[in-house]
Amino acid sequence: MSSEEQREQEREQEREQEQRDLAVAREAGIHRLAIPTPFMVGRVNAYLIEDSPLTLVDSGPNSAKAMDELEQALAARGHAVEDIELLVVSHQHMDHFGLASILARRSGAEVAALDLLAPFLANYREASDHDDSFAEQLMLRHGIPPEVVTALRAVSAGFRAWGSPVQVTRTLAHGSELELRDRTLRVLHRPGHSPSDTVFLDDRSDIGEPSILLAADHLIAHISSNPLLTRPLEAEGDYTGPRPQALITYMASLEETRATELSLVLPGHGPPISDHVSLIDQRFRMHARRAEKMHHLIASQPRSAHEIAQELWGNVAVTQAYLTLSEVLGHVDLLLRDGLVVEEERVGVVRFRAT
Ligand SMILES: [Zn+2]
């Protein structure tokens, strides 16, 4: 068999696995609705839970195309937007909550989200401005040229309308339960990819049925969920405190998920995950390798986070400056924690030096 044929066969097996996993979810009354987004990540998964109340977890971005496809997907299951009774928001990214305000208005549905996330969603535009200021300060401090920072801020402002402020009517505490007629969803705060990541556990092990985790972007099969450096949710207005350690936070959250018995993870993008333990172990190995690579670069000479990003990803470190900066700082945080590097600041720019 040629390598091309082999790859095709592997893809075919993955598609079959995906269909089997989606059938397990359907059996539990959970239906994946893949909604288009304008972002690189492609479609976002909303999940319709046919229960009482009729529940939609995430909604897709605020666009006519997303609304059109969502309506078609609901209609295929015999529902209309007006039938939705409960909207659940998984986290603060606009591809997940952008349509929530329109859906809530049209359906009169309750909107449920983590208590920490509610003020962000209500004040989305102002909160996004503060997020952008936070990102700007961080980029300048870590060696990204001012003209790149200015360009990125314009890009971010241009994307703003894919989200929309929404009033949360039911706040959820970490560890609390969301009772539906046929199931109880346990609400778990698993920050890292963003500060508000919330996963919902439909634990049916006591009745011998599969336990399903609605995980949004906390765990994704085909891409590693980049822990984006984000202004803490508790910060009101601009934030000037210590740099949040997104990757360290994320890895602690992954440890918790790893320790949970699960039959199936339903992620915010792409296919379901049926072996979360081996996927999480794979992610841990990848982060360790990446941190080691950065340690080598810093050991050869002190560098800023942006210089490290350029060394590793070339021009992508400019076009995706914030993403790659988050990636570098996340791994440098592991090295700082382990005492392998130190941070040195000169005229407002930070460089890392090996100890
Ligand atoms: Zn996200």
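Just so we're clear, the structure is a prediction, and the values are computed from it rather than from any experiment.

Once that is clear, we can look at the overall build of the chain. Of the regular secondary structure elements, the chain holds 12 helices and 13 strands. Over its C-alpha atoms the chain spans a radius of gyration of 21 Å, differing by no more than 12% from the 20 Å that the globule rule assigns to 355 residues. Projecting the C-alpha coordinates of the chain onto the three principal axes gives extents of approximately 60 × 55 × 35 Å. Buried positions account for 41% of the 355 residues belonging to the chain. For the chain, the share of sequence-separated contacts (at least 6 apart) that also reach a separation of at least 24 residues comes to 67%.

Now for the pairing of strand S2 (residues 44–49). Counting buried positions along S2 yields six of six residues, so the element is predominantly enclosed. Side-chain alternation along S2 places Val44, Ala46 and Leu48 on one buried face and Asn45, Tyr47 and Ile49 on a second face that is also buried. The sheet contact formed by strand S1 (residues 30–35) and S2 spans six bridges and is antiparallel. What sits directly across from Ile35, in S2, is Val44. Strand direction decides the pairing type here: S2 and strand S3 (residues 55–57), joined by three bridges, are antiparallel. Bridging from a neighbouring strand, Leu48 pairs with Leu56 of S3. In sequence, S2 turns back onto S3 through a hairpin of five residues.

What follows covers the nonpolar core. Core analysis: the largest hydrophobic core is formed by 60 residues, its most contacted members being Leu87, Ala113, Leu121, Leu214 and Leu266. Non-local contacts of Leu87, meaning those with residues more than four positions away in its chain, are made with Leu56, Ser59, Ala100, Leu103, Ala104, Ala109, Val111 and Ala112. Ranked by size, the runner-up nonpolar core spans 29 residues in total, among them Leu138, Ala309, Tyr322 and Val328.

It is worth spelling out helix H4 (residues 100–107) at this point. All buried positions along H4 are accounted for by Ala100, Ser101 and Leu103. With its buried residues spanning 165° around the axis, H4 presents them on a single face. The secondary structure elements touched by the buried residues of H4 are strand S4 (86–88), helix H3 (94–97) and strand S5 (110–114). Positioned one or two residues after H4, Gly108 has a phi angle of 75°, which is positive.

This brings us to the sheet that holds S5. With mixed pairing, six strands are arranged side by side in an open sheet as S1-S2-S3-S4-S5-S6. With one partner strand each, in any of the chains shown, S1 and strand S6 (170–172) form the two edges of the open sheet. On average, each strand axis in the sheet is tilted by 25° relative to the strand beside it, whichever way the strands run.

Taken in spatial order, the five strands make up an open sheet running S7-S8-S9-S10-S11, and their pairing is mixed. Unpaired on one side and paired on the other, strand S7 (177–179) and strand S11 (264–267) mark the two borders of the sheet. Neighbour-to-neighbour, the strand axes of the sheet open up by a mean angle of 25°, direction not taken into account. As defined by bridge partners, S7 adjoins strand S8 (residues 184–189) across three bridges and the pair is classed as antiparallel. From the neighbouring strand, Leu178 faces S8, where its bridge partner is Leu185.

Procedures and definitions
- Residues numbered from 1 in each chain as written.
- Predicted model: local features only at pLDDT ≥ 70, side-chain atom pairs only at ≥ 80, totals over all residues.
- Helix = DSSP H or I, 4+ residues; strand = E, 2+ residues; numbered from the N terminus.
- Rg over C-alpha atoms; globule rule 2.2 N^0.38 Å.
- Buried ≥ 20, exposed ≤ 12 C-beta atoms within 10 Å, placed from the backbone.
- Contact = placed C-beta atoms within 7 Å.
- Pairing = 2+ DSSP bridges.
- Core = buried A, V, L, I, M, F, W, Y, C linked by C-beta atoms within 7 Å.
- Arc of directions from axis to C-beta.
- Axes fitted to C-alpha atoms, helices over the stretch in contact; angles between N-to-C directions.

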